[in-house]
Amino acid sequence: MSAGTVPDVTVVVAVYNTMPYLTTCLDSLLAQTIGRDRLEVVAVDDGSTDGSGAELDRYAARHPETVRVIHQANSGGPAAPSNVALDHARGRYVFFIGSDDHLGPEALERLVTAADRWDSDVVLGRMVGTNKRYVHQAVYASTQERLDLFDSALPWSLSNTKLFRRDLIERYGLRYRTDMPMGSDQPFTLEACFRAKKVSVLADYEFYYAVKRDNAQNITYASRFSERLRCAEELVGFVAGLIEPGPRRDAVLVRHFTWEVAKLLRAEFLALAPDVQQHVHDRIRKLAEAYLTEGVLARMAPEERLRLAVARDGDLAALRELIDQQADRTLPEVTVVDDRWYAQHVGFRDPAFGYPDEWFDVTERAATVLAKLTATGLAWGRDAAGARALVVTARSRRAELAELSAEALRVSVGDLTGVTSVTPDAPGTVVRTDFAMDRLLAVVAANGERRTVRAEVSALGGAGSAPLRTDRPVAAPRRLARHGVRLHLVTPTTNHKGQVIVAITPVTPGRFLARLRRIWPSGGK
């Protein structure tokens, strides 16, 4: 790019110790189809100690018309280097990329073309995670010329990894919060989207690859509990200062209360010292009393809604009990009314809280809960017709299972459904299933199979399934059985996950001889 030429897009890269991912990032930028004559890269090395600074200098030396590098002492977060890069940006648009991430080859060309065509101030390109990095996908459901901040999934995707019109950034003096070691891009992105005359999204291409490092050192994953709490307070306070009270503010706050606040009140909270728990609870309660409106609660998922409401309205003991209940993925006792299931979580029909029954409705989970059986025995016996059969017994702590019709409960080994009977056994239900041996062996792969035993339930308008699990090892003796001219070893047991399985192994001459060699090795005494 010649001196004085205004690039179409400046890519801002804040860098701190991201080798070797940084190399992939820079290569993806220089390979962009938009062309280097329309692109500039402004990279700020924030005091790296792993060679990232030298790598940046190497690229700047090779591509001096495209890559500019600024070195500074470590600032403790990505905000300061991002602000420095913005001060040096010359492009009509600015795009931010994490130095451990990379772009699809056509990303910048497609984004700039869309922004020019639609006269958009902010353009999102579909972002995907790699190495099991989670990226919320709802906002990328379809390409849209105009995206409404308050009536879309945009509040759930507030990272800075978007194309911004630089005139918008400078007109409103948008910069990153240097007092936030994490989450500093969210106020920037939110205000840009709030001020923009048009926000657009492109969903027809994989623009951005967000990488979770193998050492999990991305700041999102390495942040401490106290920093997360302060980040949540700052974000909620920023939204409250930017957007007037009412449905529009609620539409944004539901994201922050769900992701940044409610996630602080999970099982890890119970591991904190009691005085720290009280301190955290006091701060979250203060936040909830100020901004957790009925409009926010109405938009939340049931589990997070109840957790935050109890944090606002209850004491620490109630909050601890609820977190413990929710951490245990099995349901507590339920109240059944007109075929609706209501979990007796903290606050259920408690006049001190006054929450509606609907908050505790878990009917959609009923079938899955009923399908979770604990295996108590594996044995060989006879089925009702007198044929040799594998007998699997299991128990459910749900008495409701015994009230289902015979067709509503199926227990299977692979594709084979057994003959099941249920017996009430207060306070739960005993389930027995017979699998005839000849049917177990009817279809077996040449190399044998390991089949998982599963329960499936159809009830209350839903369906659920789960593998049978054990809370102690169970097994039946290995049996040699013939099907036609072939012999098989059938081994009912449990695997390393505590799931009940049936291993069926064809007995071939080679396997038979190998087994004999193990039993009677040649040579020696």
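Structure's up top.
Keep in mind that what you see is a predicted model, and the values were worked out from it rather than measured.

**Observations concerning the overall build of the chain**
Along the backbone of the chain there are 17 helices and 23 strands. On C-alpha atoms alone, the chain measures out to a radius of gyration of 30 Å, which is more than a quarter above the 24 Å that the 2.2 N^0.38 rule sets for 525 residues. Its C-alpha atoms give the chain principal-axis dimensions of about 90 × 75 × 50 Å. For the chain, with 525 residues in total, the buried portion stands at 49%. In the chain, once contacts between residues fewer than 6 apart in sequence are set aside, the share between residues at least 24 apart is 71%. Surface accessibility of the chain: about 24300 Å² in total, with carbon and sulfur atoms responsible for 50%. Side-chain charges in the chain split into 68 positive and 66 negative, and the spacing between the mean points of these groups amounts to 9 Å.

**What to know about the packing of helix H6 (residues 185-195) against helix H8 (residues 225-242)**
Where H6 contacts H8, the two axes come as close as 10 Å, and the packing angle between them is 20°. On the basis of their axis angle, the class for H6 and H8 is roughly parallel. Between H6 and H8 lies a crossing whose hand is right-handed. Side by side, H6 and H8 meet where Gln186, Pro187, Leu190, Glu191, Phe194 and Arg195 of the first sit next to Leu235, Phe238, Val239 and Leu242 of the second. When the residues that make up the contact of H6 with H8 are grouped by side-chain class, the tally is seven nonpolar, one polar and two charged.

**Overview of the side chain of Thr258**
Mapping Thr258 onto the fold places it in helix H9 (residues 247-261). A polar atom in the side chain of Thr258 sits 2.7 Å from the backbone oxygen of Val254. The contacts of Thr258, once residues within four sequence positions are left out, are Trp156, Lys263, Met300 and Glu304.

**What to know about the environment of Phe348**
Looking at the element boundaries, Phe348 is found in the loop between strand S12 (340-343) and helix H15 (366-370). Between the alpha carbons of Phe348 and Phe360 there is a distance of 6.9 Å; along the sequence they are twelve residues apart. Non-local contacts of Phe348, meaning those with residues more than four positions away in its chain, are made with Thr335, Tyr342, Ala343, Asp357 and Phe360.

**Thoughts on empty space enclosed by the protein**
What the rule picks out here adds up to one cavity of 30 Å³ or more. The volume enclosed by the largest cavity comes to roughly 50 Å³. Lining the largest cavity we find Met180, Pro181, Met182, Glu227, Arg230, Cys231 and Glu234. For the lining of the largest cavity, the class distribution of residues is four nonpolar, no polar and three charged.

**Comments concerning the pattern of salt bridges**
This structure, assessed with the given rule, holds 38 salt bridges. The closest approach of N and O atoms between Arg68 and Glu40, which form a salt bridge, is 3.0 Å. Residue Arg68 is located in strand S3 (residues 67-72), and its partner Glu40 is located in strand S2 (residues 39-46); the two are separated by 28 residues in the primary sequence. Accessibility expressed as a relative area gives 1% for Glu40, which makes it buried. Between Asp361 and Arg340 there is a salt bridge, and its shortest N-O distance comes to 3.0 Å. A residue pair is termed long-range when its members are at least 10 positions apart, and Asp361 in the loop between S12 and H15 and Arg340 in strand S12 qualify at 21 residues. Given the relative accessible area of 25%, Asp361 is considered partly exposed. Take Arg340: its relative accessible area is 36%, and that puts it in the partly exposed class. Members of the salt-bridge network, linked through shared partners, are Asp8, Arg38, Arg92 and Asp116.

**Remarks on the sheet that holds strand S10 (residues 208-211)**
Read across the sheet, three strands follow the order S5-S10-S7 without closing on themselves; strand pairing throughout is mixed. Every other strand in the sheet has two partners, leaving strand S5 (102-103) and strand S7 (127-130) as the edge strands with one partner each. In the sheet, S5 pairs with S10 via two bridges, with the strands oriented antiparallel. Residue pairing in the sheet places His102 in a bridge with Tyr209 of S10.

**Looking at the pairing of S3**
Relative to S3, S2 is paired through six bridges, and the arrangement is parallel. Looking at S3, one finds that Ala43 is bridged to Val69.

**Comments concerning the pairing of strand S11 (residues 334-337)**
Side-chain direction in a regular strand flips from residue to residue, so the side chains alternate between the two faces of the sheet. The sheet contact formed by S11 and S12 spans four bridges and is antiparallel. In the sheet register, Thr335 faces S12, and the bridge partner there is Tyr342. Counting the residues in the hairpin turn of S11 and S12 gives two residues, including Asp338, whose phi is positive at 50°.

**Observations regarding the environment of Ile70**
Summarising the element assignment, Ile70 is placed in strand S3. Judged by relative accessible area, which is 19%, Ile70 ranks as buried. C-alpha of Ile70 to C-alpha of Ala138: the two residues are 68 residues apart in sequence and 36 Å apart in space. If near-sequence neighbours (up to four positions away) are discounted, Ile70 is found in contact with Val42, Ala43, Val44, Asp45, Val84 and His88.

Cut-offs applied
Residues numbered from 1 in each chain as written. Predicted model: local features only at pLDDT ≥ 70, side-chain atom pairs only at ≥ 80, totals over all residues. Heavy atoms only, no water. Helix = DSSP H or I, 4+ residues; strand = E, 2+ residues; numbered from the N terminus. Rg over C-alpha atoms; globule rule 2.2 N^0.38 Å. Buried < 20%, exposed > 50% of the residue type's maximum accessible area, 1.4 Å probe, protein only. Contact = heavy atoms within 4.5 Å. Areas by Shrake-Rupley, 256 points an atom, 1.4 Å probe, with all protein chains shown as cover. Lys, Arg positive; Asp, Glu negative; His and termini not counted. Charge placed at Lys NZ, Arg CZ, Asp CG, Glu CD. Axes fitted to C-alpha atoms, helices over the stretch in contact; angles between N-to-C directions. Parallel < 35°, antiparallel > 145°, perpendicular 65-115°, else oblique. Left-handed = near helix turned anticlockwise from the far one by under 90°. Nonpolar A, V, L, I, M, F, W, Y, C, P; charged D, E, K, R; others polar. Polar contact = N/O pair within 3.5 Å; in protein donor to acceptor, adjacent residues only side chain to side chain. 1 Å grid on protein atoms, 1.4 Å probe; cavity = no way out; pocket = protein on both sides within 12 Å on 5 of 7 lines; lining within 4 Å. Points joined across faces, edges and corners; volume = space filled by probe spheres on them. Salt bridge = Lys/Arg side-chain N within 4 Å of Asp/Glu carboxyl O. Pairing = 2+ DSSP bridges.

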